[in-house]
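# A closer look at the structure
This is what each chain is made of:
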Amino acid sequence: DGIRDYKVTGVQTCALPISNPVQTKMAVTVYSKLPDMNTEFTIYDLNGNPKMSFKKMLTQGNNILEIYAGQLSPGLYFLRVANAYGKDSMQFYKQ
């Protein structure tokens, strides 16, 4: 049901969109070089307003997260991934 995959790699997180647009959910793969990484995920609209935010403790290696985006209005958004070692963002389009 509208799951789209994205890959965010490294502790300093490099975002690589695999498919767009997002309908209701998107799966994000985040690779962590270190165990127990407290990481914050925030979705911003085009004006820089935060629309959704949550924290997740990542394990070492690949972490697959499913993010529900059904409450977002159609348009362009940015997913920001941040932890103590860096941050990165990727853009996605919500249908």
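Just above, that's the structure.
Each chain carries its own residue numbering, running from 1 in the direction its sequence is written. Predicted model: local features are reported for residues with pLDDT of at least 70 only, side-chain atom pairs are reported and counted for 80 or more only, and whole-chain, interface and lining totals are derived from all residues. The side-chain figures draw on all heavy atoms in the structure; neither hydrogens nor water molecules are used.

Below, the discussion takes up the overall build of the chain. Think of it this way: any DSSP run of H or I at least four residues long counts as a helix, any run of E at least two long counts as a strand, and we number them from the N terminus. Scanning the chain from N- to C-terminus turns up zero helices and eight strands. Listed by position from the N terminus, the elements making up the chain come as β-β-β-β-β-β-β-β. Three labels apply to residues, based on accessible area from a 1.4 Å probe with only protein chains included: buried if under 20% of the type maximum, exposed if over 50%, partly exposed otherwise in between. In the chain, which comprises 95 residues, the share counted as buried stands at 40%. What makes two residues a contact is simply this: any of their non-hydrogen atoms within 4.5 Å. Sequence separation of 24 or more characterises 50% of the internal contacts of the chain that already satisfy a separation of 6 or more. Note on areas: Shrake-Rupley, 1.4 Å probe, and residue coverage restricted to the protein chains presented here. Carbon and sulfur atoms form 49% of the exposed surface of the chain, whose accessible area is close to 5200 Å².

So, on to the pairing of strand β5 (residues 50-58). Pairing between strands requires that DSSP locate at least two bridges from one strand to the other. Strand direction decides the pairing type here: strand β4 (residues 37-45) and β5, joined by eight bridges, are antiparallel. Along β5, the bridge assignment pairs Thr42 with Ser53.

Turning our attention to the side chain of Asp45. As for its position among the elements, Asp45 is in strand β4. Think of a polar contact as two N or O atoms within 3.5 Å of one another; within protein, one of them needs to be a possible hydrogen donor and the other a possible acceptor, and neighboring residues in sequence only count if both atoms come from side chains. A polar contact of 3.0 Å, which involves the side chain of Asp45, links it to the backbone nitrogen of Asn47. A polar atom in the side chain of Asp45 sits 2.9 Å from the backbone nitrogen of Asn49. Those residues in contact with Asp45, other than ones at most four positions away along the chain, are Lys51, Leu76, Tyr77 and Phe78.

Within soluble globular proteins, side chains that are nonpolar tend to cluster in buried spots. For our purposes a nonpolar core is just a set of buried Ala, Val, Leu, Ile, Met, Phe, Trp, Tyr and Cys residues, chained together by side-chain atoms within 4.5 Å. Among the nonpolar cores identified, the biggest contains 18 residues, and Met26, Phe41, Ile43, Ile67, Leu79 and Phe92 are the most heavily contacted of them. Of all elements in the fold, only β3 (25-32), β4, β5, β6 (61-68), β7 (75-83) and β8 (86-94) reach the threshold of two or more residues within this core.

Geometry of aromatic contacts follows a simple scheme: Phe, Tyr and Trp rings, the Trp one being its six-membered ring, pair when their centres are within 6.5 Å, and the pair is stacked under 30 degrees between planes, edge-to-face over 60, tilted otherwise. Across all of its chains, the model carries two aromatic pairs by this definition. Relative to Phe54, the ring of Phe41 lies with its centre 5.1 Å away and its plane at 10°, an arrangement referred to as stacked. One end of the pair, Phe41, is in strand β4; the other, Phe54, is in strand β5, and 13 residues separate them in sequence. For Phe41, a relative accessible area of 0% puts it in the buried group. Between Tyr77 and Phe92, the aromatic rings sit 5.8 Å apart at their centres with planes inclined by 20°, giving stacked as the arrangement. Taken together, the positions of Tyr77 in strand β7 and Phe92 in strand β8 put the pair 15 residues apart, joining distant regions of the chain. Note on Tyr77: relative accessible area 6%, which makes it buried. Residue classification places Phe92 among the buried residues on the basis of a relative accessible area of 0%.

Residues Phe41 and Val81 lie 40 residues apart in sequence; the distance between their C-alpha atoms is 4.8 Å. In contact with Phe41, other than residues within four places in its own chain, are Val30, Met52, Ser53, Phe54, Lys56, Leu58, Leu65, Leu79, Arg80 and Val81.

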